[in-house]
There are 2 protein chains.
Amino acid sequence: MSMYRINFNDFFTSAFSVDCILFGYSEGEIKALLIKRAMQPFENLWAIPGDLIYPDEDLEQAAERVLFELTGLNNIKMHQSQTFGKPNRHPQGRVITISYFALLRIEDFEVKASSWAGDVQWVSLKNMPDLAFDHNHILASTYEMLKLKLQNEPICFDLLPERFTLNEFQQLYEFAFEQAFDKANFRKKIKYIPLIAHDEKQQNVKHRPAKLFSFNREQYLLSLENNSYTFKM
Amino acid sequence: MSMYRINFNDFFTSAFSVDCILFGYSEGEIKALLIKRAMQPFENLWAIPGDLIYPDEDLEQAAERVLFELTGLNNIKMHQSQTFGKPNRHPQGRVITISYFALLRIEDFEVKASSWAGDVQWVSLKNMPDLAFDHNHILASTYEMLKLKLQNEPICFDLLPERFTLNEFQQLYEFAFEQAFDKANFRKKIKYIPLIAHDEKQQNVKHRPAKLFSFNREQYLLSLENNSYTFKM
DNA sequence: TTTAATTATTGTAATTTGGACAATAATTTA
DNA sequence: TAAATTATTGTCCAAATTACAATAATTAAA
């Protein structure tokens, strides 16, 4: 919670806000973290966590603060996506909003509604209700950006558990790109991605357990410097 | 020139601005259109054309208006890139700026400094002076975005002349990606890009003239609908 | 008019990648 | 112990990529 909460009108007639889109992956689906607004306007509607930026605050800092205040998520490094500023997107005045996003492992974090958030929940992108403001638009457009990044940067490993099976890895891409891949060919495709093969195996499955892998980030960063490998899916 | 020009202080203590980055290509180099500021702050420094957004104005509309007011360029469709908002990036108060960019053929447009722009000029990215505000940073970061788009969308044809040789086409990519390609292999790479081969040939060269091509945008758009081809370099 | 110089354009052969599909391996459960 | 299930590896063929060579068209100089 911030030290002070200034009145809406103190932001004059124009104001900036940040909207913080958290993407997670569980049960074979990509989900976004939403809050239920316990405040006018759009009271009781689900929304992307977001709020106004203080006049002396850096954008990225604001994104982290707002996310923490509403959901309890702390120290999440956010990436800027796009800025939305239709003159009437906010019913109470001119508010231009800068959207930020981050990816995380749902099971690694605990979320807790606070401040004016009445509830917090992970919602599957395939099952999105009508959201407050232009948040459906913001979310859809940021998801497109996520999919683009999934093809060109190894951010998939921020969504997968720290140790994953090659099948889980494949399923994430099948979900995002809405198409099935051949198992054998998928393994060839990822041949050069630096992975660590562990001795450990999948637990509690009713069939041959798969080997667990993790992403070798150190080696990846090295290869970036060398220009010896560029991630591509 | 707009109908009215409100005082800087009328934008309260916080304001939005747009910065309009125009990329062009000539003499084998990618260039950006800059203005010389005839106004404080940073008077006489070169800068990206940009100005404050009116409180009731759409962002994209603002970008087009500002570009026109400062450079005379009319009806240029701009694409959003990123938003910059460090609290002290503007010496006279809090200004968050949303950067937009567009590509055009330098020889197809005439630019003319007006409003508070003292001069306008195309400047090679390889030879960029110190710019006003954080404009070097904004420009560099938008150029990165341009390079990404050059790989995934056929925007190269917005930079090339309407009719171009395959070599000019190749040189544009060699400039952007700072690497040489094999001529024969480049032609294989672009095999599926829908081009129209004209009977016309290059003029005034001291050697065998190359055939001229143009981009078949209609066919490209059709193939987008069919999902029969996706541009990739 | 011929020839050298220069660049455009096309071709070839070896290698690598990609996709379809089959075979084998390891595990659980009945 | 066998059936079921999924993991993992292999094979074959087509397509793309790479390096490099050959040929074609034009200008300019001899």
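So, a few notes on the structure that sits alongside this text. (Residues numbered from 1 in each chain as written. Chains lettered and ligands numbered in written order. Predicted model: local features only at pLDDT ≥ 70, side-chain atom pairs only at ≥ 80, totals over all residues. Heavy atoms only, no water.)

This brings us to the pattern of salt bridges. Scanning all chains against the criterion turns up 20 salt bridges over all chains. Between Arg217(A) and Asp158(A) there is a salt bridge, and its shortest N-O distance comes to 3.4 Å. One end of the pair, Arg217(A), is in helix α6 (residues 217-226); the other, Asp158(A), is in helix α3 (residues 156-159), and 59 residues separate them in sequence. Judged by its relative accessible area of 34%, Arg217(A) is partly exposed. For Asp158(A), a relative accessible area of 28% puts it in the partly exposed group. Taking the shortest distance from any N to any O, the salt bridge between Lys31(B) and Glu27(B) comes out at 2.8 Å. Relative accessible area serves as the criterion here: at 10%, Lys31(B) is assigned to the buried category. (Salt bridge = Lys/Arg side-chain N within 4 Å of Asp/Glu carboxyl O. Helix = DSSP H or I, 4+ residues; strand = E, 2+ residues; numbered from the N terminus. Buried < 20%, exposed > 50% of the residue type's maximum accessible area, 1.4 Å probe, protein only.)

Taken together, 20 residues lie around DNA strand C, and Lys188(A), Lys201(A), Arg208(A), Lys183(B) and Lys188(B) are the ones closest in. Asn185(A) is positioned such that a nitrogen or oxygen atom in its side chain is 3.0 Å from a base nitrogen of DNA strand C. Listed by contribution, the elements that provide at least two residues to the surface near DNA strand C are α5 (183-189) of chain A together with α5 (183-189) of chain B. Examining the composition of the surface near DNA strand C, we find that four residues originate from one element, α5(B), more than from any other. In terms of residue class, the surface near DNA strand C is made up of six nonpolar, four polar and 10 charged. (Near = heavy atom within 4 Å. Polar contact = N/O pair within 3.5 Å; in protein donor to acceptor, adjacent residues only side chain to side chain. Nonpolar A, V, L, I, M, F, W, Y, C, P; charged D, E, K, R; others polar.)

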